[in-house]
Structure formats: C-alpha cells, structure tokens
Amino acid sequence: MKGLLIDRLSKSYGDIEVLNNISMKVQPGEFVAILGPSGSGKSTLFHLVGGLIDPDQGKVILDGYDITGLRGNISYMPQQASLFPWRTVLQNMLIGQELAGKNNQDQARQMLKTAGLEGFEDKYPYELSGGMQQRVSFIRALLSPQSLLCLDEPFSALDELTRVDMQKWLINVWETHQKTILFVTHNIDEALFLADRIIVLSNRPGEVKLDFKVPFQRPRTEKLIVDKHFFECKKQLFEQLQNND
Ligand SMILES: Nc1ncnc2c1ncn2[C@@H]1O[C@H](COP(=O)(O)OP(=O)(O)OP(=O)(O)O)[C@@H](O)[C@H]1O
Ligand SMILES: [Mg+2]
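Residues numbered from 1 in each chain as written. Chains lettered and ligands numbered in written order. Predicted model: local features only at pLDDT ≥ 70, side-chain atom pairs only at ≥ 80, totals over all residues. Heavy atoms only, no water.

*Asks:* Looking at this model, I keep getting lost on the site of ligand 1. Mind explaining?
*Replies:* Around ligand 1 sit 14 residues in total, of which Ser38, Gly39, Lys42, Thr44 and Gln79 are the nearest. Between Ser43 and ligand 1, the recorded distance is 2.9 Å, taken from a side-chain N or O atom to an oxygen atom. Between an oxygen atom of ligand 1 and a side-chain N or O atom of Arg204, the distance comes to 3.5 Å. In isolation ligand 1 offers 640 Å² of accessible surface; the protein chains occlude 64% of this area. Across the shell around ligand 1, the residue classes tally to three nonpolar, eight polar and three charged. (Near = heavy atom within 4 Å. Polar contact = N/O pair within 3.5 Å; in protein donor to acceptor, adjacent residues only side chain to side chain. Areas by Shrake-Rupley, 256 points an atom, 1.4 Å probe, with all protein chains shown as cover. Nonpolar A, V, L, I, M, F, W, Y, C, P; charged D, E, K, R; others polar.)

As structure tokens, this is what we get:
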C-alpha cells in the first residue's frame, strides 16, 4: 500500500499513558490536519512516525515498508525550531538535501526571499527572532526530499499576515511537489482552510475521536471564512474538542 499507515500505536512515559491505540491512513498526496488539546500526544505521535522514539505497541508503515523506530524516512518540522546553532540560515535550510546528496541552493535562496528572510542567509540562528527561526525550520522541511512532510504547529509563532502567506505557500509546495502532509495545529480555521481531512484527538491518552472530511473545494480563498457551511464545520469540530467524554 502506498501512503502512510499508522497502525494501533500506543505509547506511555512511565505512568503517563500518552497515546492509546492510534490508527490512521493517509493517502499519497493527501493533506491531513491533526487537531487535539494540549498534551494529547500530537508531538509524541510525530516522534513515533519519525522514528525518534519507539512505540510500546503498534507500527508505522510507509509505502508498504515498516519504518517503526527508523529515522530518515520523513521530512519533519519539530514544534521547537531546533536549528543547528553552528550553521548559518542557508546551511540549516540545506541540511535535508545535503543528507540526501543533493544541493539546490537556487530554490533555497528563492524561498528565503519569499519568506522575508533575504539578507539573513549568512546569519546564525541566535541572530534571528523566534518567528524567523520557525520560517527557516519550515523551509528546511519543505526542501527535504522525502515525500511525507510532518509539520508540528509550523506557524504558531507567526503574526496573522505572515501566517496567511506561509499557508498559501505551503499549499503551493504541496500542489507542485505532490507531497503528503501531516499537519498539527490548534487552530480550527487553519485546519479547515488547509486540509483534506481533520483528525481530532481526545484528551490524554490521545485516541482518534473524529475523522472529519473537509467538504470545501480547492482552491480555497479567504471568502470561505464567512461561509455559513464553514461556520457549521467549525462548530462541529469545536464541540468535539470541548467534549471530553
Ligand atoms: N520525553 C518525555 N518524557 C516524559 N513525558 C513526556 C515526554 N514527551 C512527552 N511527554 C508527556 O506526554 C504528554 C503528551 O505530550 P506531547 O508533547 O506529545 O503533547 P502535544 O499534544 O504535542 O501538546 P502541545 O499541543 O502542548 O504541543 C504530556 O503529558 C507530556 O508531559
Ligand atoms: Mg506538541
């Protein structure tokens, strides 16, 4: 099977049960948002998919291969920017490509410009604001060659306008490079605006509570936000998030 299969994953830290029996399928080229309360295990789920930690139970299958506990198969933007402090902005952006034996500086420089980071390519992470670091980390993930892109709240440190620009840009990259995207967010509007499907997790231990198909056509424009149907979807998702049964 092509795409990602998360198969009955469970994970505890000591007495704390973080994820319980999480399963989901993500088709190649699909854009799936994961929405869940703070502490429901969303980042832990990404650590498992990226092979940074091992599950207690369950498997992660990518394009038919068991990648449980294995690194290097996905492109991943962690919740904290975690740039390499000894590498410049440009060198940080290119690391994913470098590890894959590629080097496309032109594309990186173009992206840098679009992200409002022109002139900062030779600066070091400590010389950037939090939002700028987040954008570098985002570009680094976009430039990595893997087909599955996992983004953990990529726009949380950005102001509204920059956030909207980055969202449009992400959609563009997704459409042109045919990536598969898993996207963690707290923001219901953002999930409805971007995703094909939204998976709602329960409070800890995280379980899949709702698998919601987003009914809107693409391309989606800002007009959607004032659509009555958009509001109804938002209400339904909000109620699921609130309801802790
Ligand atoms: N390495 C760790 N050791 C011990 N406990 C951990 C570890 N990583 C996560 N946890 C615990 O697991 C739970 C889920 O954490 P996680 O970071 O996955 O949540 P989250 O859904 O990403 O939250 P947020 O929305 O705030 O980012 C928390 O209770 C956290 O304390
Ligand atoms: Mg998190």
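This is not the end of the story, as more comes after the structure.
*Asks:* What exactly am I supposed to notice about the coordination of the magnesium ion (ligand 2) here?
*Replies:* Each donor-metal-donor angle would ideally measure 109.5 degrees in four-coordinate tetrahedral geometry, or 90 or 180 degrees in six-coordinate octahedral geometry. Protein-derived ligands of the magnesium ion (ligand 2) are Ser43 (OG) and Gln79 (OE1), with the metal-ligand distances lying across 2.1 to 2.2 Å. Here Ser43 is found in helix 1 (residues 42–49), whereas its partner Gln79 is found in the loop between strand 6 (75–77) and helix 2 (89–93), with 36 residues between them in sequence. Look at Gln79 and you get partly exposed, because its relative accessible area is 35%. (Donors = N, O, S within 2.8 Å, 3.2 Å for Na, K, Ca; no water. Helix = DSSP H or I, 4+ residues; strand = E, 2+ residues; numbered from the N terminus. Buried < 20%, exposed > 50% of the residue type's maximum accessible area, 1.4 Å probe, protein only.)

*Asks:* Any chance you could explain helix 6 (residues 160–177) here in plain terms?
*Replies:* In an α-helix there are 3.6 residues to a turn, and that puts residues three or four apart on one side. Taking 1.5 Å per residue, 18 residues should reach 26 Å; helix 6 reaches 26 Å between its end C-alpha atoms and fits that length. Three or more residues of helix 6 are buried, namely Thr162, Arg163, Met166, Gln167, Trp169, Leu170, Ile171, Val173 and Trp174. For helix 6, the secondary structure elements touched by its buried residues are strand 3 (31–35), helix 4 (105–114), helix 5 (130–143), strand 7 (148–152), strand 8 (180–185) and helix 7 (188–194). Directly beyond the C-terminal end of helix 6, a positive phi value near 50° is found at Gln178. (Expected span 1.5 Å × (residues − 1). Contact = heavy atoms within 4.5 Å.)

*Asks:* What is the right way to read the sheet that holds strand 8 from this model?
*Replies:* Backbone-to-backbone hydrogen bonds join strands into a sheet, with any given pair of strands oriented parallel or antiparallel. A sheet is described by the order of its strands in space; here six strands give the open sequence 6-7-8-3-9-10, paired in mixed fashion. The open sheet is flanked by strand 6 and strand 10 (208–213), the only strands paired with a single partner. Neighbour to neighbour, the strand axes of the sheet diverge by 15° on average, direction disregarded. Note that strand 6 and strand 7 share three bridges and pair parallel. Paired with Tyr76 across the two strands is Cys150, which belongs to strand 7. The strands touched by helix 5 within the sheet are strand 6 and strand 7, with strand 6 carrying the most contacts at an inclination of about 170°. (Pairing = 2+ DSSP bridges. Axes fitted to C-alpha atoms, helices over the stretch in contact; angles between N-to-C directions.)

*Asks:* I'm lost on the pairing of strand 10 in this one. Help?
*Replies:* Looking along a regular strand, one sees side chains alternate from face to face of the sheet. Both strand 9 (residues 197–201) and strand 10 contribute to a ladder of five bridges, which runs antiparallel. Note on strand 10: the bridge partner recorded for Leu201 is Val208. Hairpin geometry of strand 9 and strand 10 is characterised by an intervening segment of six residues between the two adjacent antiparallel strands.

*Asks:* Just to check I follow, could you spell out the sheet that holds strand 2 (residues 16–26) for this structure?
*Replies:* Spatially, the four strands line up as an open sheet ordered 2-1-4-5, and their pairing is antiparallel. Pairing within the sheet leaves two strands with one partner each, and these edge strands are strand 2 and strand 5 (65–66). Relative to strand 2, strand 1 (residues 4–13) runs antiparallel, the two being bridged by seven bridges. Opposite Ser12, over in strand 2, you have Glu17 as the bridge partner. Running over the sheet, helix 1 touches strand 1, strand 2 and strand 4 (57–62) and is turned about 120° from strand 1.

*Asks:* Got a minute to help me understand unusual backbone geometry in this structure?
*Replies:* Residues apart from glycine generally show negative phi values, whereas peptide bonds are mostly found in trans. In the segment running from Arg204 into Pro205, the intervening peptide bond is cis, with an omega of -5°. Within the fold, Pro205 resides in the loop between strand 9 and strand 10. Backbone torsion omega between Arg218 and Pro219 reads -5°, so that peptide bond is classified as cis. Along the chain, the position of Pro219 falls in the loop between strand 10 and helix 8 (228–242). Positive phi is not limited to glycine here, since Asp63 has a value of about 50°. Within the fold, Asp63 resides in the loop between strand 4 and strand 5.

*Asks:* Quick question: what am I supposed to make of the environment of Gly69 here?
*Replies:* Within the secondary structure, Gly69 is located in the loop between strand 5 and strand 6. Exposure remark for Gly69: the relative accessible area of 26% places this residue in the partly exposed category. Along the chain, Gly69 and Pro55 lie 14 residues apart, while their C-alpha atoms are 7.8 Å from each other.

*Asks:* I'm lost on the packing of aromatic side chains in this one. Help?
*Replies:* To describe a pair of aromatic rings, you give the distance between the ring centres and the angle between the ring planes. Enumeration according to the criterion identifies eight aromatic pairs in this entry. Summarising the aromatic geometry, the rings of Phe138 and Trp169 are spaced 5.9 Å apart at their centres and angled 70° between planes, so their arrangement reads as edge-to-face. Of this pair, Phe138 sits in helix 5 while Trp169 sits in helix 6, and the two are 31 residues apart along the sequence. On the accessibility criterion, Phe138 (1% relative accessible area) is buried. (Phe/Tyr/Trp six-rings, centres within 6.5 Å; stacked < 30°, edge-to-face > 60°.)

Remember that the coordinates give geometry; whether it matters functionally is a separate question.
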